[in-house]
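Residue-level listing of the chains:
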Amino acid sequence: MGKEYSFTVRDFDPVHIFECGQCFRWERRDDGSFAGIAGERPAEIYFEPSADDRYAGTLRVADRSNAPDDGGAFWYDYFDLGRDYGAIKKILADRDETIREAIRFGEGIRLLRQDRWEALVSFIISQNNNIPRIKKNIDGLSELFGEEAGTIGEKTYYCIPKPGKLASLTVEDLAPVRLGYRARYLIETGASIAENGLCYLDSHLCDLCGVGPKVANCISLFSMEKYDSFPIDTWVKQVMEKLYGITGKKEIEAFAEETFGEYGGFAQQYLFYYIRETSACGDKHLAH
DNA sequence: CGGCAGGCGGTTA
DNA sequence: TAACCGCCTGCC
C-alpha cells in the first residue's frame, strides 16, 4: 500500500530533527533521505530545500504502513508542522546571546510529537546507555516481540511491543535483546500501563519503574507536549558548563526556567545539538 | 584494564 | 532528603 504526502515546510532539516537526540528509530541513507518508523508507520522521508533557504522547501513522506490514508494528518502532526519555529527561535535568540549561537547550528530542529508508549520505552532503555546501543536495543526488542508494521525495500519494520506483551515476558525472555538491568524496568512498566492505561502517565509518570527525573523529562517533552521540560543529561551538563559556566543540576534547572521559561524544551534541543556537533565525541559518533 | 555512555533504585546517615 | 553505590552491556 503506497501513501505519499507532500508538505511545504520552513525551519526544517531532517538531519537536525532526527539527530538532535529525541528519537532512535530513523536511519540516514546515502542519498540524504531517512528511513524509519514512527509508531506503527514505517516511512521514507525526503526533503528538497528551496534555492534561497536551505531550511525551507518540500517535505515528502512515503508512508509504507498498512494504516488507512488520512491525507497526511499523522505526519503533519508528527513533524509539528503547525508550529512556527521561526517565531520560537526569534524569542530565544532575543533572550540570550549564547542560545542565539547554539540555534545557528540547529536551525532546522523541530520537536517530534511522538507516541507516548514509544517514548516511554525508548527513554527507559536510554538510561546509562549510548545511542548506537539504544537503537540496537529498541530494534531488537521490536523484532523479537513487536508486531510487523510494513516493509521498506528488503527491510521489515516492527512496532515496539505493546504494554501487555512486555508484561507477559520474563527477564530470561528478554535476554537476547541485551537490555541489561533495564529489562526488568520494561516488564514492570509494561504491567503498570497494561493495567492502568496510558493516561497513567498524566499523573504517575515518575512512579513508573525505571523512570527517574531525566527520563520523565524526556517523555514529557517528546510525547506529552510539556514544552517547558528541560531534560538534563551528561551532554546538557557539558554544554551548560561550556557556554554558561553553570554547573550542578539545581543551578541548571533554575537558570533554564528563568532564562528560557516555557520554551525550555526547545532551548534544550538547540543546546544539545550544538554540543554534539562541536565536541570531538559527537563527531566520532556521527562518523559511524 | 578502568572509564564511560542521554540514570535509576535502593540503602545509608 | 541528600549522598552514595551497584548495575547490564559494549566500546574505547
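Residues numbered from 1 in each chain as written. Chains lettered and ligands numbered in written order. Predicted model: local features only at pLDDT ≥ 70, side-chain atom pairs only at ≥ 80, totals over all residues. Heavy atoms only, no water.

**Q** Any chance you could explain the domain arrangement of chain A here in plain terms?
**A** Often, the extent of an interface is quoted as the loss of accessible area upon association of its parts. What the domain assignment reports for chain A is domain 1 (3-82), domain 2 (116-223) and domain 3 (234-278). Counting from both sides, the interface comprises 19 residues of domain 1 and, opposite them, 20 residues of domain 2. Here domain 1 meets domain 2 over a buried area of about 1500 Å², counting both sides, of which 61% is carbon and sulfur. Three residues, Gln-22, Phe-24 and Arg-25, lead the burial of domain 1 against domain 2; their summed loss comes to 47% of the area buried on that side. If you look at where domain 1 meets domain 2, you find three salt bridges. Our count for the contact surface shared by domain 1 and domain 2 stands at three residue pairs in polar contact (both at pLDDT 80 or more). The set of elements that each furnish at least two residues to the side of domain 1 that touches domain 2 consists of strand 2 (26-28), strand 3 (34-38) and strand 4 (41-49). (Domains from an automatic or database assignment. Contact = heavy atoms within 4.5 Å. Buried area = accessible area lost by both parts, 1.4 Å probe. Salt bridge = Lys/Arg side-chain N within 4 Å of Asp/Glu carboxyl O. Polar contact = N/O pair within 3.5 Å; in protein donor to acceptor, adjacent residues only side chain to side chain. Helix = DSSP H or I, 4+ residues; strand = E, 2+ residues; numbered from the N terminus.)

**Q** Before we go on, may I ask you to explain a negative patch on the surface in this structure?
**A** Together, Asp-228, Glu-257, Glu-258 and Glu-262 make up a region of like negative charge exposed at the surface. Within the secondary structure, Glu-258 is located in helix 13 (residues 249-260). We classify Glu-258 as exposed; its relative accessible area is 67%. (Patch = residues over 30% accessible without salt bridge, like charges linked within 9 Å, V, L, I, M, F, W, Y side chains within 5 Å. Areas by Shrake-Rupley, 256 points an atom, 1.4 Å probe, with all protein chains shown as cover. Lys, Arg positive; Asp, Glu negative; His and termini not counted. Charge placed at Lys NZ, Arg CZ, Asp CG, Glu CD. Buried < 20%, exposed > 50% of the residue type's maximum accessible area, 1.4 Å probe, protein only.)

**Q** I tried to follow the nonpolar core on my own but got confused; where do I start?
**A** Grouped burial of nonpolar side chains is what soluble globular proteins tend to show. Counting 89 residues, the largest nonpolar core has Trp-26, Trp-75, Phe-79, Leu-92, Ile-99 and Phe-260 as the members making the most contacts within it. Here this core gets eight residues from one element, more than from any other, and that element is helix 14 (residues 264-278). The residues touching Phe-79, leaving out its near neighbours within four places in the chain, are Phe-12, Ile-17, Phe-18, Ile-45, Leu-59, Val-61, Arg-110 and Leu-112. By size, the runner-up hydrophobic cluster in this structure holds six residues, among which are Ile-37, Ile-152, Tyr-157 and Cys-159. (Core = buried A, V, L, I, M, F, W, Y, C linked by side-chain atoms within 4.5 Å.)

**Q** Mind showing me how you'd approach the side chain of Glu-44 here?
**A** Tracing the sequence through the fold places Glu-44 in strand 4. Within the structure, Glu-44 has its side chain in polar contact with the side chain of Arg-29 (distance 2.8 Å). There is a polar contact of 2.8 Å between the side chain of Glu-44 and the side chain of Tyr-46. Look past the residues within four positions of Glu-44 in its chain and what remains in contact with it is Arg-29, Phe-34, Arg-60, Val-61, Ala-62, Arg-64 and Ile-152.

**Q** Sorry, what's going on with the protein's contact with DNA strand C here?
**A** Every residue close to DNA strand C is listed here: Asn-128, Arg-133, Lys-136, Arg-178, Leu-179, Gly-180, Tyr-181 and Arg-182. Considering DNA strand C, the proportion of its atoms within 4 Å of the protein that are sugar or phosphate atoms stands at 62%. Taking Arg-133, its side chain carries an N or O atom lying 3.1 Å from a base oxygen of DNA strand C. Residues belonging to the surface near DNA strand C are distributed by class as follows: two nonpolar, two polar and four charged. (Near = heavy atom within 4 Å. Nonpolar A, V, L, I, M, F, W, Y, C, P; charged D, E, K, R; others polar.)

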